[in-house]
Amino acid sequence: MIEINAVMLEGYLKEAFGVGTVLLDYGALGSLDKQGMKKFGYGKPLLVRFSVDGEERETVISVMKGDNYGHQFYWDRAAILMFQYETSARMERHVKPMGIGYVGSEGTMKPLHGPQEFFILNEKLEGYDYFHDLDRIRKGGFEMRDRDMAASLAQWLADVHSVRKDDPHLYMRRIRDLIGSSECIMGLVDEAYAHPNEYISRERFMALEKRLIDWRWKLTHYTGRLCAVHGDFHPWNVLVGGPDGFSVLDRSRGEWGEAAGDLCCMAANYILFGLYSDGSFSETFRTLYMTFFDEYLERTGDSEILEVMGPFFVFRGLVIASPVWYPDHPKRVREALLRFMENVLEDEVFDYVEFERYMR
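Report follows, based on the coordinates.

## Considering the overall build of the protein chain
Counting its regular elements, the protein chain contains 11 helices and 10 strands. Principal axes of the C-alpha set define a box for the protein chain whose edges measure 80 × 50 × 40 Å. Out of the 360 residues in the protein chain, the part that is buried amounts to 44%. Within the protein chain, contacts between residues separated by at least 24 positions form 67% of all contacts whose residues are at least 6 apart in sequence. Element-wise, carbon and sulfur atoms account for 52% of the exposed surface of the protein chain, whose accessible area totals about 19,600 Å².

## Considering the packing of aromatic side chains
If you walk through the whole model with that rule in mind, you get 21 aromatic pairs. When the ring of Y74 is compared with that of W75, the centres are 5.1 Å apart and the planes differ by 75 degrees; the resulting orientation is edge-to-face. Judged by relative accessible area, which is 59%, Y74 ranks as exposed. The ring of W217 carries R216 above its face, with NZ or CZ at 5.2 Å from the centroid. One residue, R357, lies across the ring of Y358, its end atom 4.6 Å from the ring centre.

## Looking at the sheet that holds strand β2 (residues 46-52)
Overall, antiparallel pairing links the three strands, which are arranged β1-β2-β3 in an open sheet. Edge strands, defined here as strands with exactly one partner in the open sheet, are β1 (21-28) and β3 (55-61). Neighbour-to-neighbour, the strand axes of this sheet turn through a mean angle of 20 degrees, independent of strand direction. When β1 meets β2, the two strands line up antiparallel, connected through seven bridges. Paired with G27 across the bridge in β2 is L47. Against the sheet, helix α1 (residues 6-17) engages β1, β2 and β3, with an angle of about 135 degrees to β1.

Procedures and definitions
- Residues numbered from 1 in each chain as written.
- Predicted model: local features only at pLDDT ≥ 70, side-chain atom pairs only at ≥ 80, totals over all residues.
- Heavy atoms only, no water.
- Helix = DSSP H or I, 4+ residues; strand = E, 2+ residues; numbered from the N terminus.
- Buried < 20%, exposed > 50% of the residue type's maximum accessible area, 1.4 Å probe, protein only.
- Contact = heavy atoms within 4.5 Å.
- Areas by Shrake-Rupley, 256 points an atom, 1.4 Å probe, with all protein chains shown as cover.
- Phe/Tyr/Trp six-rings, centres within 6.5 Å; stacked < 30°, edge-to-face > 60°.
- Lys NZ or Arg CZ within 6 Å of the ring centre and 35° of its normal.
- Pairing = 2+ DSSP bridges.
- Axes fitted to C-alpha atoms, helices over the stretch in contact; angles between N-to-C directions.

Next up, the structure:
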């Protein structure tokens, strides 16, 4: 946890309350051994006495500590504190917030004045979205460079995933997020599909969710696989045609995760575009898909990844089969994707070579 000192406090108070602010005293309001029967807490509050233009005031400053309950990173903790700052005053009898701020990398405390929305500035990159290439290929415009691009994407992923982290708790948090979060499987089931709908019944969704619980417990045996990930590696987040060959956008859902998530994300999109072929699955997209998989497995030697893919294909299948996200799919394409995500959970090891059988 951050250790707050007098210099930090006085600098913050002057910036937040004005130059006429003087720090009078500060100290621990309580300690973890004074919580009665409760032996675990999220942070130790600091009582601060100060004056503003001669008027004495008191405030309690709380800094959350990191833990394994979804608070591993500062952005996790920031979300909770911003929620408290925004909503506490609207609840009768609740303590009223006096301010919110952050500790910068230089060790100073900085106030946030009335935050309402956040934004990010990124560099401008050259290129165009990779999905345009997949559209061209789907219309018969395949070129040998397309196979090279699939191999390059797999090589890049292999390099990214080579950075490992030993944190079993964080691995299981990622699995919980995958299955239960609003952005992932259960959120998609609730929000990306009407109930009822013409493609998949409520009973099939219920069976899918129950099967995923078995997979959640299976994945407790794979916690040593935690590695660096992109988190949303699909053709709309890859720019091609620039001076560096390709670039990626919109890293999502955490710096660390399961490598299968990235591999399934791009592979599912090769499957999606391949299903648009009349009749049988497109041989061209089968070539891209197999190049992508083979190159990754050869580069990493990670055959174990095939044992953990099921739920990650469910996540990506729910996205690309969704009538909300992709309203124009032919019925046969949508139904094949939904069968794929159901059937893939029935194999303990994903059969990436004969993947078409999951769509039957």
